[in-house]
Amino acid sequence: MERQTQFVEPHSLVKACRDVDDNQILAAALYAACLYLVTGDSDLLVLKQFESVNILNPREFGELFPA
């Protein structure tokens, strides 16, 4: 599996999550064109998907890409 890190500073606001601090995470994921957001945060996980970003917990992500 390829590992890649990219630092981004999103230029737009998102208002989709019940925890307003998590909206910054969603904006960064969109700006970076992420396919997956892997998290243990229940406020993000409840969304399951936001626009083009699939939101998974680590177990679900591991099942998609087994070692």
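Read on for a plain summary of the structure. Values in this document were obtained by computation on a predicted structure and should not be read as measured data.

1. Description of the overall build of the protein
Secondary structure summary: the protein contains three helices and three strands in total. Going residue by residue from the N terminus, the α and β elements of the protein occur as α-β-α-β-β-α. Computed over C-alpha atoms, the radius of gyration of the protein comes to 12 Å, within 12% of the 11 Å expected from 2.2 N^0.38 for 67 residues, which places it in the range of a compact globule. Taken along its principal axes, the extent of the C-alpha atoms in the protein is 35 × 25 × 15 Å. A buried classification covers 25% of the 67 residues belonging to the protein. At a minimum sequence separation of 6, the contacts of the protein that also span at least 24 residues come to 24%. Put simply, the protein shows about 5,300 Å² of open surface, and 52% of that area lies on carbon and sulfur atoms. Put simply, the protein has 5 plus and 10 minus side-chain charges, and the middle of one group is 6 Å from the middle of the other.

2. Focus on the environment of D22
Take D22: it is sitting in helix α1 (residues 22-31). D22 gets classed as buried once you look at its relative accessible area, which sits at 8%. With 10 residues separating them along the chain, D22 and S12 place their C-alpha atoms 14 Å apart. Discounting residues that sit within four places of it in the chain, D22 has contacts with C17, D41, D43 and L44.

What counts, and at which threshold
- Residues numbered from 1 in each chain as written.
- Predicted model: local features only at pLDDT ≥ 70, side-chain atom pairs only at ≥ 80, totals over all residues.
- Heavy atoms only, no water.
- Helix = DSSP H or I, 4+ residues; strand = E, 2+ residues; numbered from the N terminus.
- Rg over C-alpha atoms; globule rule 2.2 N^0.38 Å.
- Buried < 20%, exposed > 50% of the residue type's maximum accessible area, 1.4 Å probe, protein only.
- Contact = heavy atoms within 4.5 Å.
- Areas by Shrake-Rupley, 256 points an atom, 1.4 Å probe, with all protein chains shown as cover.
- Lys, Arg positive; Asp, Glu negative; His and termini not counted.
- Charge placed at Lys NZ, Arg CZ, Asp CG, Glu CD.

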